[in-house]
Structure formats: C-alpha cells, structure tokens
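# Breakdown of the fold
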Amino acid sequence: SEDKLSTFAIDVDTGAYTIARRKLNEGVVPPAAGVRVEEFVNYFGYNYPQPDSEGPFGVSLEAAPSPFIASSSNRYLMRVGVQGKRVAQKDRKPVHLVFLVDVSGSMNAPDKLGLAKESLKVLTNNLTKNDTVGLVTYAGNTRAVLEPTSATDKGKIFDGIDSLTSGGGTAMNSGMETAYKMAMQSAKPGHVTRVVVLSDGDANIGPSSFDDILKNVRSYVDEGVTLSTIGFGMGNYKDSLMEQLANKGNGNYYYIDSIDEARKVFGEQVDGTLEVI
C-alpha cells in the first residue's frame, strides 16, 4: 500500500560501468554514487529480438518464481527487456557532428587527450559521405579548428585532430556556445545534428553556472541539436557533470578507458551511438 508502483530507467548510457571496471582493475573501490545500475545493465548485449516494423521499440518479458523467497509465497521475478530498433549504416540518417574537445592542461595525458584524438579518428573512419565533421576546442579560450567538413575528406579532419595540444584553463561554457553555433550551420530537417564533448569533466565553467549550461543544452535540443559526452582519464574526473550534460542533451554518455573501448563505442556500435530513435 505504501510503495505499489514500479519505476525503471530507459537509459542508453554505459559510462558508470566502464569507470567502475577501470577503478576495480586498478585496485580502487568505485564511489557508491558512481555505480548507476542501469548503466551496468546497458553495457552488455542480450540478443533481444528486433522490434516489429510498427515501432522503434520491442518489449521482451520473462518471469519465474522468485528464488529468494519460499515458493509458497507466490512471488515472481519479472524481467522487462526493452530493445530499440537497430539502425544499419545504410538506413542511418546523415549526421552532422561537431567535436568539442577539452584541451586544457588537465587533459595532458596519454589516456586523456591522446586517447581522445585516437577515438575521434575511429569515429571519423566510420562515418559516410553523407556526414560532416566540425572541430572546436576549449581551454583558457575557444578555437574553431575545423569548420563543418565532409567526412570523405579524412585527411583534412585528421590534420585538425593531430593539431590538438593541451594547456591552459577550462572555459567550458564559451566552448559549448561556439560548438552549438557551428552545429546550427549544418542542421537540416531529417538529419542528426550533434555536439560531442570529449573531456575529463574538470570544468572551470566560466561566466555561467552549471545550471545555466544545462538550460542552454535543453534549449538547443528543442532546436534539434543533441549532445553526447565522452569521458577520459582519472584523478580529477567529474563523472556526474558529464552524465548530466548527456541526459539534458538527449544524447549518450560513454567513458573511454582504452582504444578497445573506443573501437566498441565508435566502431561496432557506431550507428546506435549516432542516431537517437
């Protein structure tokens, strides 16, 4: 009578699992607040059947008598599996991405900016002729490194990525504004337009508060520009900031701790990473 309703998260993020795995492998207990159960569940595949042609989601139900309580109690466990439609590359909408890369001094490490650059190359290699890439950086100031460029011009995009070096403060707010303005240049009806933030989340935000940034992210979603966040590094890493940004931005939140993880997120799963259904 007091708690008769069940709620469950529909969430596509996986960052909490990857961070916890890295900490455990390094012999450190993850903070309890960073263990978000739905992100652990989401990390693995379950081979649920594809939804039928009528809609973007399919629901798989399974139930069994609870093994935790005497069978005479007539209590059951039920699993509700929600499978989104898998989008093949040939069916994926064109995507217009603006990479917003944190190049502040705190990113100066092989598992931060170095790995971020390699991850961007993996993602670029999995784009098609219909896609475009722009590149913005932020540290003490903001710089538009590459205006929206066809994904077929990989040499130009890779040159922009290779040019990134770290140093300075972390003015995230001005970087977000520049990236969103660039993204709006490429926005087209029926296409996916997204800002992808790559950072360790160690943001000295700038003139606006974090709440103001979240409001701005939400307002751009209403205009059709989504936001994904990709986390790197340890030590000063701000998991909650990165997760909240992606939630407000209607995008995904991932944490990349190795080139293998980058290949999973931006290679094997790239079409699901890029398109919101």
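Notes on the structure in this doc start here. Model, not experiment: these values are computed from the prediction.

For a regular strand, the rule is simple: side chains alternate between the two faces of the sheet. Where burial is concerned, most of strand S3 (residues 95–102) is hidden: eight out of the eight residues are buried. Across seven bridges, the pairing between S3 and strand S6 (residues 192–199) is parallel. Each residue of the ladder has a partner; that of Leu 100, found in S6, is Val 197. Pairing geometry for S3 and strand S4 (residues 132–138), over seven bridges, is parallel. From the neighbouring strand, Leu 97 faces S4, where its bridge partner is Val 133. Handedness of the crossover is the feature at issue here: the chain leaves S3, passes through helix H3 (residues 110–125), returns alongside S4, and the resulting connection is right-handed.

In total, this model carries six aromatic pairs according to the counting rule given. Ring centres of Tyr 17 and Phe 44 lie 5.1 Å apart, and the angle between their planes is 75°; on these two criteria the pair is classed as edge-to-face. Residue Tyr 17 is located in helix H1 (residues 15–25), and its partner Phe 44 is located in the loop between helix H2 (37–43) and strand S1 (57–65); the two are separated by 27 residues in the primary sequence. Judged by its relative accessible area of 16%, Tyr 17 is buried. On the numbers, 4.1 Å between centres and 5° between planes, the contact of Tyr 180 with Tyr 220 is stacked. Placement of the pair is Tyr 180 in helix H5 (residues 172–186) and Tyr 220 in helix H6 (residues 210–222), with a sequence separation of 40 residues. A relative accessible area of 2% means that Tyr 180 is categorised as buried. Since its relative accessible area comes to 18%, Tyr 220 is described here as buried. Positioned above the aromatic ring of Phe 158, the side-chain terminus of Lys 121 is 5.7 Å from the ring centre. Positioned over the ring face of Tyr 43 is Lys 264, at 3.3 Å from the centre of the ring.

It is worth spelling out the sheet that holds S3 at this point. Across the sheet, six strands lie side by side as S5-S4-S3-S6-S7-S8; this open sheet has mixed pairing. Each end of this open sheet is capped by a strand with a single partner; those strands are strand S5 (142–150) and strand S8 (253–255). The sheet shows a mean angle of 15° between the axes of neighbouring strands, taken without regard to direction. Together, S3, S4, S5, S6 and strand S7 (225–231) form the strand contacts of H5, whose direction differs from that of S5 by roughly 20°.

This model, assessed by the stated rule, comprises one cavity of 30 Å³ or more. The computed volume of the largest cavity comes to approximately 40 Å³. If you trace the largest cavity, you find it lined by Arg 194, Val 196, Ser 228, Ile 230, Phe 266, Thr 273 and Leu 274. For the lining of the largest cavity, the elements supplying multiple residues, two or more each, are S6, S7 and helix H9 (270–274). For the lining of the largest cavity, the residue count by class is four nonpolar, two polar and one charged.

With that settled, consider a nonpolar patch on the surface. Residues Phe 57, Val 59, Leu 61, Met 78, Val 80, Val 82 and Ile 277 make up a contiguous nonpolar surface patch of about 650 Å² in total accessible area. Sorting the residues of the nonpolar patch by element identifies S1 and strand S2 (76–84) as the ones contributing at least two each. Tracing the chain through its elements places Val 80 in strand S2. Take Val 80: its relative accessible area is 35%, and that puts it in the partly exposed class.

Attention now goes to the environment of Ala 16. Topologically, Ala 16 is positioned in helix H1. Sequence separation between Ala 16 and Gly 34 is 18 residues; the distance between their C-alpha atoms is 6.1 Å. With residues near it in sequence (within four places) discarded, Ala 16 still touches Gly 34, Arg 36, Glu 39, Phe 40 and Tyr 253.

Bringing the pairing of S7 into the picture now. Within S7, seven of the seven residues are buried, leaving the element largely enclosed by the surrounding structure. A two-sided burial pattern is seen for S7, the buried positions comprising Val 225, Leu 227, Thr 229 and Gly 231 on one face and Thr 226, Ser 228 and Ile 230 on the other. Bridge analysis of S7 against S8 gives three bridges, and the strand direction is parallel. Across the sheet, the residue bridging to Ile 230 is Tyr 254, located in S8.

Time to look at helix H4 (residues 154–162). Every α-helix winds through 3.6 residues per turn, so residues three or four apart in the chain are directed the same way. Residues of H4 that are buried include every one of Ile 157, Gly 160 and Ile 161, and no others. Angular distribution of buried residues about the axis of H4 spans 100°; they occupy a single face of the element. Packing partners of the buried residues in H4 comprise H3, S4 and S5.

Definitions and cut-offs
- Residues numbered from 1 in each chain as written.
- Predicted model: local features only at pLDDT ≥ 70, side-chain atom pairs only at ≥ 80, totals over all residues.
- Heavy atoms only, no water.
- Buried < 20%, exposed > 50% of the residue type's maximum accessible area, 1.4 Å probe, protein only.
- Helix = DSSP H or I, 4+ residues; strand = E, 2+ residues; numbered from the N terminus.
- Pairing = 2+ DSSP bridges.
- Right-handed = clockwise from strand over helix to strand, strands pointing away.
- Phe/Tyr/Trp six-rings, centres within 6.5 Å; stacked < 30°, edge-to-face > 60°.
- Lys NZ or Arg CZ within 6 Å of the ring centre and 35° of its normal.
- Axes fitted to C-alpha atoms, helices over the stretch in contact; angles between N-to-C directions.
- Contact = heavy atoms within 4.5 Å.
- 1 Å grid on protein atoms, 1.4 Å probe; cavity = no way out; pocket = protein on both sides within 12 Å on 5 of 7 lines; lining within 4 Å.
- Points joined across faces, edges and corners; volume = space filled by probe spheres on them.
- Nonpolar A, V, L, I, M, F, W, Y, C, P; charged D, E, K, R; others polar.
- Patch = residues over 30% accessible without salt bridge, like charges linked within 9 Å, V, L, I, M, F, W, Y side chains within 5 Å.
- Areas by Shrake-Rupley, 256 points an atom, 1.4 Å probe, with all protein chains shown as cover.
- Salt bridge = Lys/Arg side-chain N within 4 Å of Asp/Glu carboxyl O.
- Arc of directions from axis to C-beta.

In short, geometric facts, not functional conclusions.
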